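# Summary of the model geometry
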Amino acid sequence: MSTIEIETMSHLSTLQSSSDFLSTTTIIALTIFFSLLCACIIIGHLLEENRWANESITALLLGLCAGAVVLLASKGNSSKILVFSEDLFFLYLLPPIIFNAGFQVKKKQFFKNFTIILMFGIFGTVISFCLISVGAFLLFNRIGVTSLNTQDYLAVGAILSATDTVCTLQVLSQDETPFLYGVIFGEGVVNDATSIVLFNAVQSLDFNNIDAMISLKLLGTFLYLFFTSTILGVVAGLLSAFIIKTLYFGRHSTDREVALMMIMAYLSYMLAELLNLSGILTVFFCGIVMSHYTWHNVTQSSRITTKHAFATMSFIAETFIFLYVGMDALDIDKWKASSASAGTFIAVSSTLFALVLVGRAAFVYPLANFINCIRKRDGSNIAFRKQFIMWWAGLMRGAVTIALSYNQFSNSDDEDTQDSALMITSTIIVVLFSTVVFGSITKPLIEAVLLRHAKPNVSDATDIPSLDDLRLMFIENGEPSDMGAGPRRSSLRLLLTHPTWTVHYLWRKFDDRFMRPVFGGRGFVPFVPGSPTGASDEASRT
């Protein structure tokens, strides 16, 4: 046999072993997950009208069952299919969810409640972060967890401040409770971003030399990451709008339009992570800007495609995450490494969840009542029933909490391995309990607390008037018009008396005069010969 034949056979043998490796690990894992995804979709459809179940809980329970089957099949040994991967979560699953949240958000309702969203999402998260960190520092030593340092306690505060509103939003109706839907949705996104920013800020600080300036450094790092991440997302969205509006991709291929939107959205997230910023904030605001400008610059077929494509990718990623969390809960190595008793598990998990309850209540009720005090319009106060639902809806914890917990405690020293593993497993217990128990009760609770007491013909939130109505309001208040000028009322006074309407009016004027001529947006229809959009545009012109 010649040397060439021997080398060829050796190469074929290597390829065969590689194929065998894939067939026993990657392919099996993907087969299991895709089968579970199909089961989740079918069961979720059958339980669509059920009051106590939703697709998040279904995926989580299916993940637990699948994890138990894999654990039994491996005879109690850990399997790679059960290991939670931070890279998979943060780089592939989280971006489409957050981008679609910004892309599909009702911008009028979101920005109408933007002040409340920022207060709850930023200040509320910081309050919860401080209380949970201090509570963990005071209580863990009594339980017997003694190896954690200052950075670990602050990390615990950031980890448990990250809410999971995916499960809650599946049972909230945007038509029946628009105010709650908008506020809880917006707060959830800003809360996740704030928690990750706080977590990254904690990781970047040196706690060996603690002084009085540490709080200011933490605040400065947080503000820097928050605003730079937001600006990067806005710039990425505007750049995509300008490119698509200028180059008219639709005249040759609508596929290029869709591909460019997807890639630039993902690129904004990766750039933020590369620059150590908050990718979640960046891609969220990139989605908002793209829906306001870029989406209106593409052809009609591309608009339909992008809307459903982004929603589908987000839905698959959300379901995959809950399956992943359910299977990861049975990662036997972490439970063995903690070597803690059942009483210790219950004590630590109960303490963490109690801190979540107190930390949430500590800012929801005070901030809601503070907003009620500064609001002067009748019927716009946040009733106590709504405050209770806002508190309840933020108690669930999800994949962001688990991912941050792994990031903090999975690479600990040997002497701290037991307490670190205990923190990870206790976090998993909190996530499972809060999602299954609170997630199943949320829908019946909303029906009992809100919908049964709802008054007919009373909207949950007052819509922002049209631009014509806003213009009339300004004229009636003394703004100069074409017919003359009355007693002028200052813009500052209008801003104080009608802040939301005034900001909306000024933004619409600025947007129509400066932004849309450059970046396109609503009213801009690219002319594509031979396409339905181009034909309708040509007919309207004639």
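An unreviewed UniProt entry lists the chain under the name Cation/H+ exchanger transmembrane domain-containing protein, from Gossypium barbadense. One UniProt comment on the chain, placed under Subcellular location (unreviewed entry), says "Membrane".

Taken as a whole and judged by the stated rule, the model has 25 aromatic pairs. Arranged with centres 6.4 Å apart and planes meeting at 65°, the rings of Trp-391 and Trp-392 form a pair that is edge-to-face. The buried category is assigned to Trp-391, whose relative accessible area is 14%. The exposure class of Trp-392 is buried, given its relative accessible area of 14%. Taken together, a centroid distance of 6.0 Å and an interplanar angle of 40° make the contact between Trp-507 and Phe-510 tilted. With a gap of three residues between them, Trp-507 and Phe-510 both fall in helix H21 (residues 499–519), about one helical turn apart. Each member of the aromatic cluster is reached from another via a ring pair, and the members are Phe-353, Phe-388, Trp-391, Trp-392, Phe-433 and Phe-438.

Before going further, it helps to examine a nonpolar patch on the surface. A grouping of Met-213, Leu-216, Leu-219, Leu-223, Phe-227, Ile-231 and Val-235 is seen on the molecular surface, where their side chains present a nonpolar patch of about 670 Å² in accessible area. Its place among the elements puts Met-213 in the loop between helix H9 (178–204) and helix H10 (214–247). Here Met-213 falls in the partly exposed class, since its relative accessible area comes to 44%.

Between its terminal C-alpha atoms helix H4 (residues 86–104) stretches 26 Å, which fits the 27 Å expected from 19 residues at 1.5 Å a residue. Along H4, the sharpest kink reaches roughly 45°, centred on Leu-94 and followed within four residues by the proline Pro-95. The buried fraction of H4 amounts to 14 of the 19 residues, a majority that puts the element mostly inside the structure.

Rules and cut-offs
- Chains are numbered independently. Their residues run from 1 in the order of the written sequence.
- Where local features are concerned, this predicted model is filtered to residues with pLDDT of at least 70; where side-chain atom pairs are given and counted, the filter is 80 or more; whole-chain, interface and lining totals use all residues.
- Side-chain measures here rest on the full set of heavy atoms in the structure, leaving out hydrogens and waters.
- UniProt positions are given in the numbering used here, feature names are shortened, and annotations may be inferred rather than shown by experiment.
- Pairing of aromatic side chains requires ring centres within 6.5 Å, counting the rings of Phe and Tyr and the six-membered ring of Trp. Pairs whose planes differ by under 30 degrees are stacked, by over 60 edge-to-face, and all others tilted.
- Only protein chains enter the calculation, and the probe is 1.4 Å; a residue is then buried if its accessible area is under 20% of its type maximum, exposed if over 50%, and partly exposed in between.
- Helix and strand definitions here come from DSSP, where helices need a minimum of 4 consecutive H or I residues and strands a minimum of 2 consecutive E residues; each element is numbered from the N-terminal end.
- Nonpolar side chains (Val, Leu, Ile, Met, Phe, Trp, Tyr) are joined into patches within 5 Å and like charges within 9 Å, using only residues with over 30% relative accessible area and no salt bridge.
- The method behind every accessible area is Shrake-Rupley, applied with a 1.4 Å probe, and residues are considered shielded solely by the protein chains displayed.
- Any Lys or Arg side-chain nitrogen found within 4 Å of a carboxyl oxygen on Asp or Glu counts as a salt bridge.
- To estimate how far a helix should reach, multiply one less than its number of residues by 1.5 Å.
- To get the bend at a given residue, fit one axis to the seven residues ending there, fit another to the seven starting there, and take the angle between those axes.

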